[in-house]
Amino acid sequence: MADSKRVVVVAVVLVTAIVLGLILIRILGGSGADPDETAGKRAVTLLNVSYDPTRELYQEFNPAFARYWKAKTGQDVVIEQSHGGAGKQARAVIDGLKADVVTLALAYDIDAIARQGGLLAADWQSRLPENSAPYTSTIVFLVRKDNPKSIRDWDDLVKPGVEVITPNPKTSGGARWNYLAAWAFALKKELGDLKALHHPAQAAQVEQAQARAREFVAELHKHVPVLDSGARGSTNTFAQRGIGDVLLAWENEAFLAVNELGPDKFDIVVPSISILAEPPVAVIDKVVEKKGTREVAEEYLKYLYSPEGQRIVARHYYRPAYPQHADPADLERFPDVERVRIDEVFGGWRKAQETHFNDGGVFDQIYQVSK
Amino acid sequence: MAGTIAFRTGSASSGAAGRPAITEPAPVRWALIGVSLSFLGLFLLIPLAGVFVEAFRKGAGAFFAALRDPAALAAVKLTLLVAAIAVPVNCVFGLAASWAIAKFNFVGKNLLITLIDLPFAVSPVISGLIYILVYGLHGWLGPFLSAHDIEIIFAVPGIVLATLFVTFPFVAREVIPLMQVQGNDDEEAAITLGAGGLQTFFRVTLPNVKWAVLYGVILCNARAMGEFGAVSVVSGHIRGKTSTMPLHVEILYNEYNFVAAFAVASLLALLALATLALKSFVEWRSRRPFAEAPDAAVLEDLSHEH
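Rules used throughout
- Residues numbered from 1 in each chain as written.
- Chains lettered and ligands numbered in written order.
- Predicted model: local features only at pLDDT ≥ 70, side-chain atom pairs only at ≥ 80, totals over all residues.
- Heavy atoms only, no water.
- Helix = DSSP H or I, 4+ residues; strand = E, 2+ residues; numbered from the N terminus.
- Contact = heavy atoms within 4.5 Å.
- Areas by Shrake-Rupley, 256 points an atom, 1.4 Å probe, with all protein chains shown as cover.
- Pairing = 2+ DSSP bridges.
- Axes fitted to C-alpha atoms, helices over the stretch in contact; angles between N-to-C directions.
- Core = buried A, V, L, I, M, F, W, Y, C linked by side-chain atoms within 4.5 Å.
- Buried < 20%, exposed > 50% of the residue type's maximum accessible area, 1.4 Å probe, protein only.
- Domains from an automatic or database assignment.
- Salt bridge = Lys/Arg side-chain N within 4 Å of Asp/Glu carboxyl O.
- Patch = residues over 30% accessible without salt bridge, like charges linked within 9 Å, V, L, I, M, F, W, Y side chains within 5 Å.
- Buried area = accessible area lost by both parts, 1.4 Å probe.
- Polar contact = N/O pair within 3.5 Å; in protein donor to acceptor, adjacent residues only side chain to side chain.
- Parallel < 35°, antiparallel > 145°, perpendicular 65-115°, else oblique.
- Nonpolar A, V, L, I, M, F, W, Y, C, P; charged D, E, K, R; others polar.
- Left-handed = near helix turned anticlockwise from the far one by under 90°.

Caption draft 1: Quick peek at the overall build of chain A. Scanning chain A for helices and strands turns up 17 helices and 12 strands. The contacts of chain A with a sequence gap of at least 6 include a subset with a gap of at least 24, amounting to 75%. Counting every atom, chain A has about 15600 Å² of accessible surface; 53% of that belongs to carbon and sulfur.

Caption draft 2: Representation of the sheet that holds strand 5 (residues 139-144) of chain A in the model. Residues and elements named next belong to chain A. Strand order in the open sheet formed by 4 strands is 6-7-5-8, and the pairing between neighbours is mixed. Pairing within the sheet leaves two strands with one partner each, and these edge strands are strand 6 (164-165) and strand 8 (266-269). Across 2 bridges, strand 6 lies against strand 7 (residues 246-250) in parallel orientation. Counterpart to I165 in the pairing with strand 7 is L247. Lying over the sheet, helix 9 (residues 231-239) contacts strand 5, strand 6, strand 7 and strand 8, oriented at roughly 150° with respect to strand 7.

Caption draft 3: Summary view of the nonpolar core. All names here are of chain A. In terms of nonpolar packing, the biggest core is built from 121 residues, with V102, I113, W154 and W349 touching the most fellow members. Among the elements that make up this core, the one with the highest residue count is helix 7 (residues 173-191) (11 residues). When residues of this core are assigned to domains, at least three fall in each of domain 1 (38-136 + 279-331) and domain 2 (139-275 + 341-370). Contacts of W349, omitting those with residues within four sequence positions, involve L106, A107, Y108, R176, W177, L180, I342 and F357.

Caption draft 4: The arrangement of the sheet that holds strand 2 (residues 77-83) of chain A in detail. Residues and elements named next belong to chain A. Taken in spatial order, the 4 strands of this open sheet run 2-1-3-10, and their pairing is mixed. The open sheet has two edge strands, strand 2 and strand 10 (281-283), and neither has a second partner. Going across the sheet, the axis of each strand differs from the next one's by a mean of 20°, ignoring polarity. With 3 bridges joining them, strand 1 (residues 44-50) and strand 3 (residues 101-103) adopt parallel strand pairing. Considered in strand 3, the bridge of S50 is made with T103. Where helix 12 (residues 294-304) meets the sheet, it contacts strand 1, strand 2, strand 3 and strand 10, and its direction lies at approximately 165° from that of strand 10.

Caption draft 5: Focus on the pattern of salt bridges. This model, assessed by the stated rule, comprises 36 salt bridges over all chains. Salt-bridge contacts for E289(A) lead to R294(A); the nearest nitrogen and oxygen are separated by 2.9 Å. The class of R294(A) is partly exposed, set by a relative accessible area of 27%. In this structure, E227(B) and R223(B) form a salt bridge, with 2.9 Å as the shortest nitrogen-oxygen distance.

Caption draft 6: Broad picture of a nonpolar patch on the surface. Together, W30(B), I33(B), L37(B), F39(B), L40(B), L42(B), F43(B), L44(B), L45(B) and I46(B) line one region of the surface with nonpolar side chains, adding up to about 1100 Å² of accessible area. Taking the relative accessible area as the measure of exposure, I46(B) reaches 54% and is therefore exposed.

Caption draft 7: Seen up close, unusual backbone geometry. Phi at E130(A) is positive, roughly 55°, even though this residue is not glycine. Tracing the chain through its elements places E130(A) in helix 6 (residues 129-132). For H237(B), which is not a glycine, the phi torsion comes out positive at approximately 55°.

Caption draft 8: Inspection of the pairing of strand 1 of chain A at higher detail. All names here are of chain A. Among the 7 residues in strand 1, 6 count as buried, and that is most of the element. The pairing of strand 1 with strand 2 spans 7 bridges and is classified as parallel. Residue pairing across strands places L47 opposite E80, the latter belonging to strand 2.

Caption draft 9: Spotlight on the environment of V362(A). Residues and elements named next belong to chain A. Mapped onto the elements, V362 comes out in helix 17 (residues 362-370). Judged by relative accessible area, which is 9%, V362 ranks as buried. Along the primary structure V362 and V217 are separated by 145 residues, whereas in three dimensions their C-alpha atoms are 9.9 Å apart.

Caption draft 10: Here's a closer look at the domain arrangement of chain A. Residue and element names in this part refer to chain A. In terms of domains, chain A is made up of domain 1 (38-136 + 279-331) and domain 2 (139-275 + 341-370). For domain 1 versus domain 2, the separation of C-alpha centres amounts to 27 Å. Taken residue by residue, the interface counts 21 residues in domain 1 and 21 residues in domain 2. Taking both sides of the interface into account, the surface hidden between domain 1 and domain 2 amounts to around 1700 Å²; carbon and sulfur atoms contribute 55%. Three residues stand out in domain 1 for area buried against domain 2, namely L106, Y108 and Y317, and they jointly supply 38% of the buried area on that side. Inspection of the region where domain 1 meets domain 2 yields 4 salt bridges. Between E251 and R319 there is a salt bridge, with its nearest N and O atoms 2.6 Å apart. Viewed at the interface, domain 2 and domain 1 are joined by 8 residue pairs in polar contact (both at pLDDT 80 or more). Sorting the residues of the side of domain 1 that touches domain 2 by element identifies helix 3 (55-73), helix 4 (86-94) and helix 5 (107-117) as the ones contributing at least two each. A total of 5 residues in the side of domain 1 that touches domain 2 trace back to one element, the largest contributor, which is helix 5.

Caption draft 11: The packing of helix 3 (residues 59-68) of chain B against helix 14 (residues 258-287) of chain B, seen in detail. All names here are of chain B. Across the interface, helix 3 lies against helix 14 with an axial gap of 9 Å and an inter-helix angle of 75°. Compared by their axis directions, helix 3 and helix 14 come out roughly perpendicular. For the pair helix 3 and helix 14, the contacting residues are A62, F63, A66 and L67 in the first and V259, A260, A263, V264, S266 and L267 in the second. Split into classes, the residues belonging to the contact of helix 3 with helix 14 amount to 9 nonpolar, 1 polar and no charged.

Caption draft 12: Broad picture of the packing of helix 4 (residues 70-103) of chain B against helix 8 (residues 156-167) of chain B. Residues and elements named next belong to chain B. The geometry of helix 4 relative to helix 8 is characterised by a closest axis approach of 9 Å and an angle of 50° between their N-to-C directions. Judged on the interaxial angle alone, helix 8 and helix 4 are oblique. In this structure, helix 4 crosses over helix 8, and the sense of that crossing is right-handed. Across the interface between the two elements, L78, L81, V82, I85, A86, V89 and N90 of helix 4 pack against V156, I159, V160, T163, L164 and T167 of helix 8.

As structure tokens, then:
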């Protein structure tokens, strides 16, 4: 009998401990007061679903926008963030993650939300200036200090003994840009000039060049020991776990890794040719209509194009759409590099996605072979 | 499984006369002990210590600042909330299922036993995806939920559901073998002496299995707090809102915020260590009074009441 009482006592103690813990956290956490109650107007909450390397950018941009919105309307705005591989994030929005705005790595992922989810209009990309891309970027190489394997250009990635780190193009937007940049390099090497792609007379050479590009990209992926699901995972694999000789990375991610993890450990190498990456932004119509947040969500994205938004963008190593607003010192950090457009070389995102990254596409074929 | 083993060691050591029939030579014994200790040290202790070293790398100030961060506090709170819901629910379910399986026969009993083990067999990622399939915007119930503004996936209810799923078997798995061994004799005696159904349950059955229940609850709690895979699929990873402690550790790590990541990780490790201590205590306690329940006093009580 005494024992069963003890069980009850233990159970009561456990429950009390949990309840006390919750109360304690409320007290500790509640010191900042609930924004809902302090605001004259009811505070509004936005959820920005973004891709991997924008964490630091939006950590700085969100408070700046909140100040701006407060000054303009008197309303408090709280912006919540969710980050991950762009494909995975788009999938979550389609499955019901209530994003007011998405800021993803490539237009295709937002297209998927429009097409498969029907959550925003198909013409979303024409709603904001510059193809809805307030900032652009490109793909560069991050190598170990002093470049011990002397990696200078895309060719060097397939030299014997070189290990390349890049994420999985199935789940990561950055990886898709990496892959396409490598492909564009091989095409240019074969053809001399990418304009040849659009000359009907040179169709035979183009076909041959495409075949060589495919071989090159397949060979490149044989040098990849780890395929992470997102860009940040790959950076950690390369920088923290010390795997690989070269990381194919977003320019901003490469700069950030050098700054955060030590300029004495890594060097950035700029290849002869890379790709113009346009990470676009969009308001998710169905969500903002339901939540009644359209006005603030649209203003949030527009603010990315404002002088302050562009300054913050450039500070975080994204190339601003309007460089005149950015600090010239920030702009100087961006190296000159030929950046090819996806529309010119691959006929746009939808075509590139269908040819290369859908199930059974070129990536599946070459990756199976290379395994 | 774990329960069966614990149960056996329990009864073996209570049969005090048992001396090992074979004795290994000393070098063999030392080699065995050495191998297992160095293995544990290499793969468990050193990494675990590493978590704490990293957490305090920039001093105690940075450590506590990381834990006071609102997003970290929100993660701790969410983790405790999820455990506070999942553990009692699974405790009730586990008892009901064990009672059904151990005390009487019915059609589909084997199916029930198999189903209880399902979460052990299924990868946590799949458990998460199941819920997306059912409750996601384009899932079976998605349109209905969306029309009624009920949020399940990418919100707290989804996280609770996913945790419930993966922690489902723990209590039942601990209690079933014990109940089966004990049989129905005590209950029959109680009922013969005039006890009602509930009275029998609370005064005979429950005290008989209390240590197994507690053991199951502790394991269930450990898993509920530590679950990563299933929760990751349904969480949506909204910082400060739908991130449990394991997910928050990942977020911080991915933000190059290593001290904060390891600070939260060390808190999680401390919770686990406390759980382990509690588990050892329960094992030690349960080993002793095995044979005595239901104590004579209970039966005497019952007979007095009538």
